[in-house]
Amino acid sequence: MKSARTQVNSLNDLVTNVTSLPERYHTDAFDIFLFRLRKPIRQGLSLEDSINAFEGALIAAAGMSVLSEAYFVNHRPHLQKLWPDAIKWLRAILREGRPFIRPLLFETIFPIGGQLFSLIGDMEPQLAAEDGTLDLALELWKGADTNEDSEIEGYTARPLLMCLNAQKGPIVLDITEVATRLVDDFDGDGREVIETILD
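For the structure given in this document, a descriptive report is provided here. One numbering rule holds for all chains: residues counted from 1, following each sequence as written. Given that the model is predicted, a residue must reach a pLDDT of at least 70 before its local features are reported, and side-chain atom pairs must reach 80 or more before they are shown or counted; all residues, however, enter totals for whole chains, interfaces and linings. Excluding hydrogens and water, the side-chain figures rest on all heavy atoms present in the structure.

Side note on the overall build of the chain
When helices and strands are counted, the chain shows 10 helices and two strands. Numbered from the N terminus, helices here are DSSP runs of H or I no shorter than four residues, and strands are runs of E no shorter than two. Secondary structure elements of the chain, listed N to C terminal, follow the sequence α-α-α-α-α-α-α-β-β-α-α-α. Burial classification: accessible surface area is computed with a 1.4 Å probe over protein chains only, and a residue below 20% of its type maximum counts as buried, one above 50% as exposed, and the rest as partly exposed. The buried share among the 199 residues of the chain stands at 44%. The contact definition used throughout considers only heavy atoms, calling two residues in contact when any of these lie within 4.5 Å. In the chain, the proportion of contacts linking residues at least 24 apart, taken out of those at least 6 apart, comes to 72%. All accessibility values rest on the Shrake-Rupley procedure with a 1.4 Å probe; residue burial counts only the protein chains present in the view. A total accessible area of about 10,600 Å² is found for the chain, and carbon and sulfur atoms account for 50% of it.

Next comes the structure, spelled out in structure tokens:
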């Protein structure tokens, strides 16, 4: 398990097998996933180090989603602890990580992001007000080409829906801000927002 802190292949093995481990090891796995997500985003790394950083962060985020509500229901502070780092890395992966992540792995950012947003929506909805949460939700909703050789786009609406549904509980986001940001992100073209929603 220790090698998962530094080696992407070992980290991937841990994510694949974490639910089959005895429950007492789940916190150890969480600590490793958090360790990877707490690494700073640095420019100017070698190609190998950049691949290790970006793929490692995405795989660690996958590990958090695999731990799922079954783990976090008894470890709510862990969910609060990981959220700012998950936001930081998922946004960085969407913006600059594609050259360093294998295409099939890059595609997983959308279901992973959706699952993590579902976790906070179900368990810690106040995290919807954290800095960067709405930005990430919008970026995941707008999506990205997941394969440069095809026109298939990956996206997920779940994070944005979670942010909007937060209005049904204690008010944590200003719905006007959400609407304004949607239009702003499409350069003020409200029609394009509607077309994207309907597409």
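Quick look at the nonpolar core
Note on terminology: a nonpolar core comprises buried Ala, Val, Leu, Ile, Met, Phe, Trp, Tyr and Cys residues joined through side-chain atoms within 4.5 Å. Counting residues in each nonpolar core, the largest one holds 57 residues, and the members touching the most others are Phe-33, Met-64, Phe-72, Ile-93, Leu-116 and Phe-117. Looking at this core, the elements that each hand over two or more residues are helix H1 (8–17), helix H2 (26–37), helix H3 (47–72), helix H4 (76–97), helix H5 (103–106), helix H6 (109–123), helix H7 (133–142) and helix H8 (158–165). Per-element accounting of this core gives the leading share, 12 residues, to H3. If near-sequence neighbours (up to four positions away) are discounted, Leu-116 is found in contact with Ala-61, Met-64, Ser-65, Trp-83, Ala-86 and Leu-90.

Remarks on H6
For H6, spanning 15 residues, the distance from its first C-alpha to its last is 21 Å, which sits close to the expected 21 Å at 1.5 Å a residue. Every buried residue belonging to H6 is among Ile-109, Phe-110, Ile-112, Gly-113, Gly-114, Leu-116, Phe-117, Leu-119, Ile-120 and Met-123, and all of these are buried. For a helix, the expected span equals 1.5 Å multiplied by the number of residues minus one.

Some thoughts on the packing of H2 against H4
Contact geometry of H2 with H4 gives a least axis separation of 9 Å together with a crossing angle of 30°. As H2 packs across H4, the resulting crossing turns out to be left-handed. Across the interface between the two elements, Thr-27, Phe-30, Leu-34, Arg-36 and Leu-37 of H2 pack against His-78, Lys-81, Leu-82, Asp-85, Lys-88 and Trp-89 of H4. The axes used here are C-alpha line fits, helices contributing only the stretch in contact, and every angle between their N-to-C directions lies in the interval 0 to 180 degrees. Note: crossing handedness is left-handed where the near helix turns anticlockwise from the far helix by less than a right angle, and right-handed where it turns clockwise.

Thoughts on the environment of Gly-113
Here Gly-113 is to be found in helix H6. Gly-113 sits in the buried class, given a relative accessible area of 0%. Gly-113 sits 44 residues away from Ala-157 along the chain, and the two C-alpha atoms are 9.9 Å apart. Those residues in contact with Gly-113 that lie beyond four places of it in its chain are Leu-90, Leu-140 and Pro-159.

Quick notes on the pattern of salt bridges
Each reported salt bridge corresponds to a side-chain nitrogen of Lys or Arg within 4 Å of a carboxyl oxygen of Asp or Glu. Within this structure, the stated rule accounts for seven salt bridges. The shortest N-O distance in the salt bridge between Asp-85 and Lys-88 comes to 3.5 Å. Of the two residues, Asp-85 and Lys-88 are both situated in helix H4; the distance of three residues between them amounts to about one turn of the helix. For Lys-88, a relative accessible area of 28% translates into the label partly exposed. For Glu-139, the salt bridge identified is with Arg-95, shortest N-O distance 2.7 Å. Of this pair, Glu-139 sits in helix H7 while Arg-95 sits in helix H4; the two residues are 44 residues apart in sequence, bridging distant segments of the chain. Owing to a relative accessible area of 55%, Arg-95 belongs among the exposed residues under this scheme.

Looking at the environment of Arg-98
Along the chain, the position of Arg-98 falls in the loop between H4 and H5. Arg-98 gets classed as partly exposed once you look at its relative accessible area, which sits at 23%. For the pair Arg-98 and Glu-55, spaced 43 residues apart in sequence, the C-alpha separation works out to 9.6 Å.

Quick look at the side chain of Ser-65
Tracing the backbone shows Ser-65 in helix H3. For Ser-65, the side chain forms a polar contact with the main-chain oxygen of Ala-62, separated by 2.8 Å. Ignoring any residue separated from it by four or fewer positions in sequence, one finds Ser-65 in contact with Ile-112, Gln-115 and Leu-116. Here a polar contact is taken to be a pair of N or O atoms separated by no more than 3.5 Å, where protein atoms must pair a possible hydrogen donor with a possible acceptor and residues adjacent in sequence count only if both atoms sit in side chains.

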